[in-house]
Amino acid sequence: MGEFVTVADAAEVGEGELAAFEVGGERIAVANVGGTLHAFDDTCTHLRCSLAEGELEGTVVTCPCHGSQFDVTSGEVLRGPASEPVQSYAARVENEALQVAI
Amino acid sequence: MGASLAGGTAAATLREEGFEGRLILVGEEPYVPYERPPLSKEYLRGEVTFDRALVRTADFYAEQEIETRLGVRAVRVEPAERIVELADGERLLFDKALIATGARNRRPAIPSLDLEGVFDLRTVDDADRIRTEALPGRKAVVVGMGFIGSEVAASLRQLGVEVAVVAPGSVPLERVLGEEVGGVLAEIHREHGVEFHFGDSADAFEGSGHVERVVTAAGERIECDFAVIGVGVEPAVELAAGTGIEVDNGIVVDEFCRTSVEGIYAAGDVANHYHPVFERRIRVEHWDNALKQGPAAARNMLGKDEPYEEIHWFWSDQYDTNLQYAGFHTSWDELVVRGSLERRSFVAFYCTEGRVLAAVAVNRGKDLRRSIPLIKARRPVKPAKLRDPDVDLRTLA
């Protein structure tokens, strides 16, 4: 795991919300599930849509284009058409800053 | 029967749910089950390989002790003797059977349909044949502008092929989506250089050995290097003939995927299933239904008694436009649009007597997903609320 880097104010991702940030040249999505933050690759492994533009229900994110579902806590595929998981990353709030380790 | 998405997922589900008996998957194509959506899109354009389309890896079936009979069709079912007969004469005994034979392409009664260079698209072999012809600068005629015609036209343009379309109606997908939404798609195709011949049909293919032109009912002669026909499908029901299994626009099943013959089930494109939400039978020719109804049938084969009542959903990608549809409608009295047709970012609701029967979204996947509970609820909703972007669709169900 890499170093934690600040990507935004923690307030930018409210409870139940998703957002995407550019971190070290990568698009990283962050999901806020009941106050806990989960970071993962924003790019769907199926056909490269942005997962942050999809729907977050509990710990499940649904791709806005083709309905693939991933577990935001692990990146695991829960439902196709995607077959490959998305990479997940550690995320935390430090002094009201949202930090991701990639 | 049917090494299809429905058949493959049903077999996998039977094992996942603990079925330990003998399990045989029979398929007419020589391949383990694969998904067809890429065939008109990313696979046709050469962007992904075939293995990406497999429902499960080829090893999966052996590992799960699922016997396969591939490249051989099931031709007959004998319900009384509990026997399925294959085209090569093999006779398989069964306690329970699933018919997941899918659909086959309609072949219009047109002279010279068998000329070389005249294709239709259902299988990976069909897609491979089209790919070898789809070289930049060549000219294609696409006949029909349903989902297959629309996606093939888009993919061919993306490959640099010149595309002329011959289709009934006045816009793509008119029968399903209506003139307003179809009009948006027509504009997108025109911007990408597709030449339309709407309100017309193909009368004949001409050429010496290989197709050289399509002659239309209106008398146009459209020169081409190859042609692709996409004029719909019909359910593959032949093996039900003479079995007592009720057939009416497919194999008729109830909400538990049961046919009229005890112990025989059907799922996927072939199954005309009773849908508890819409209170009628519907037959669906889309990926998501096959993916979910196969497993639903498998669970009911194991006695789970779970009604299948998914709200049907599908997508279609054309160029960089993502279209999605959920629900079921055949007619509607009001089309309510949230968003903008002009900006190609909207969800449109097909409503009858104030209830949302179905929704179609263009580049608005999240809204489409949020519309599904609303469709399932079958409650009247005020059009103003559907239209208002400040009203969260999730609150309307």
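Residues numbered from 1 in each chain as written. Chains lettered and ligands numbered in written order. Predicted model: local features only at pLDDT ≥ 70, side-chain atom pairs only at ≥ 80, totals over all residues. Heavy atoms only, no water.

Explain the domain arrangement of chain B to me, please; I cannot follow it from the model alone.
How big an interface is tends to be stated in terms of accessible area lost as the parts join. All names here are of chain B. Domain boundaries assigned for chain B yield domain 1 (5–104 + 233–301), domain 2 (118–229) and domain 3 (320–396). Just the C-alpha atoms count here: the centres of domain 1 and domain 3 sit 32 Å apart. Contact residues are listed per partner, giving 5 residues for domain 1 and 7 residues for domain 3. Roughly 520 Å² of surface becomes buried between domain 1 and domain 3 when both sides are summed, with 71% attributable to carbon and sulfur atoms. When residues of domain 1 are sorted by the area they lose upon contact with domain 3, Val-277, Phe-278 and Arg-280 head the list and together hold 82% of the total. On inspection of domain 1 and its partner domain 3, the count reaches 0 salt bridges. Seen at the junction of domain 1 and domain 3, the total is 1 residue pair in polar contact (both at pLDDT 80 or more). (Domains from an automatic or database assignment. Contact = heavy atoms within 4.5 Å. Buried area = accessible area lost by both parts, 1.4 Å probe. Salt bridge = Lys/Arg side-chain N within 4 Å of Asp/Glu carboxyl O. Polar contact = N/O pair within 3.5 Å; in protein donor to acceptor, adjacent residues only side chain to side chain.)

Would you explain the sheet that holds strand β14 (residues 221–223) of chain B in this entry?
Paired through backbone hydrogen bonds, the strands of a sheet run either parallel or antiparallel to each other. Residue and element names in this part refer to chain B. An order of β12-β13-β14 is seen for the 3 strands of this open sheet, with the pairing classed as antiparallel. The two strands at the open ends of the sheet, each matched to only one other strand, are β12 (202–206) and β14. Sheet twist, expressed as the average angle between the axes of neighbouring strands with direction ignored, equals 25°. (Pairing = 2+ DSSP bridges. Helix = DSSP H or I, 4+ residues; strand = E, 2+ residues; numbered from the N terminus. Axes fitted to C-alpha atoms, helices over the stretch in contact; angles between N-to-C directions.)

Explain the environment of Arg-129 of chain B here, please?
Residue and element names in this part refer to chain B. Take Arg-129: it is sitting in helix α3 (residues 124–133). For Arg-129, a relative accessible area of 44% corresponds to the partly exposed category. With 12 residues separating them along the chain, Arg-129 and Gly-117 place their C-alpha atoms 8.7 Å apart. A polar atom in the side chain of Arg-129 sits 2.9 Å from the side chain of Asp-126. (Buried < 20%, exposed > 50% of the residue type's maximum accessible area, 1.4 Å probe, protein only.)

Looking at this structure, how should I read the state of the cysteines?
All names here are of chain A. Scanning the model with the defined rule gives 1 disulfide over all chains in all. In this model Cys-49 forms its disulfide with Cys-65; the gap between the sulfur atoms is 2.1 Å. Since a negative S-S torsion denotes a left-handed disulfide, the Cys-49-Cys-65 link at about -100° is left-handed. Taken as a pair, Cys-49 in the loop between β4 (36–41) and β5 (55–57) and Cys-65 in the loop between β6 (60–62) and β7 (69–71) lie far apart in primary sequence, 16 residues in all. By relative accessible area, Cys-49 is classed as buried at 14%. For Cys-65, a relative accessible area of 13% translates into the label buried. Cysteine Cys-63 shares no disulfide, and the gap to the nearest cysteine sulfur, in Cys-44, comes to 4.1 Å. (Disulfide = S-S within 2.5 Å.)

Just to check I follow, could you spell out the confidence of the model for chain B for this structure?
When pLDDT drops low, the exact placement of atoms in the prediction is not to be read closely. The predicted model of chain B has a mean per-residue pLDDT of 96, with 100% of residues at 70 or higher. Reported confidences for the modelled complex are a pTM of 0.94 and an ipTM of 0.88. (pLDDT = per-residue confidence, 0-100.)

Help me understand helix α6 (residues 287–301) of chain B, please; the structure alone is not making it clear to me.
Residues three or four positions apart in an α-helix share a direction because the helix packs 3.6 residues into each turn. Residue and element names in this part refer to chain B. If you check α6, its first and last C-alpha atoms are 21 Å apart, about what 15 residues at 1.5 Å a residue would give, namely 21 Å. Burial of α6 is extensive: 13 of the 15 residues sit out of reach of the surface. Backbone geometry just downstream of α6 places Gly-303 in the positive-phi region, at approximately 85°. (Expected span 1.5 Å × (residues − 1).)

Would you explain helix α1 (residues 5–16) of chain B in this entry?
Residues and elements named next belong to chain B. Compared with an ideal rise of 1.5 Å per residue, which puts 12 residues at 16 Å, α1 spans 16 Å between its outermost C-alpha atoms and is within 8% of the ideal. Of all 12 residues making up α1, 11 are buried, and the element is well covered by its neighbours. Taken as a whole, α1 has its buried residues at Leu-5, Ala-6, Gly-7, Gly-8, Thr-9, Ala-10, Ala-11, Ala-12, Thr-13, Leu-14 and Arg-15. The secondary structure elements touched by the buried residues of α1 are β1 (23–27), α2 (58–63), β2 (66–70), β6 (97–99) and α6. A positive phi of about 100° marks Gly-18, the residue just after α1.

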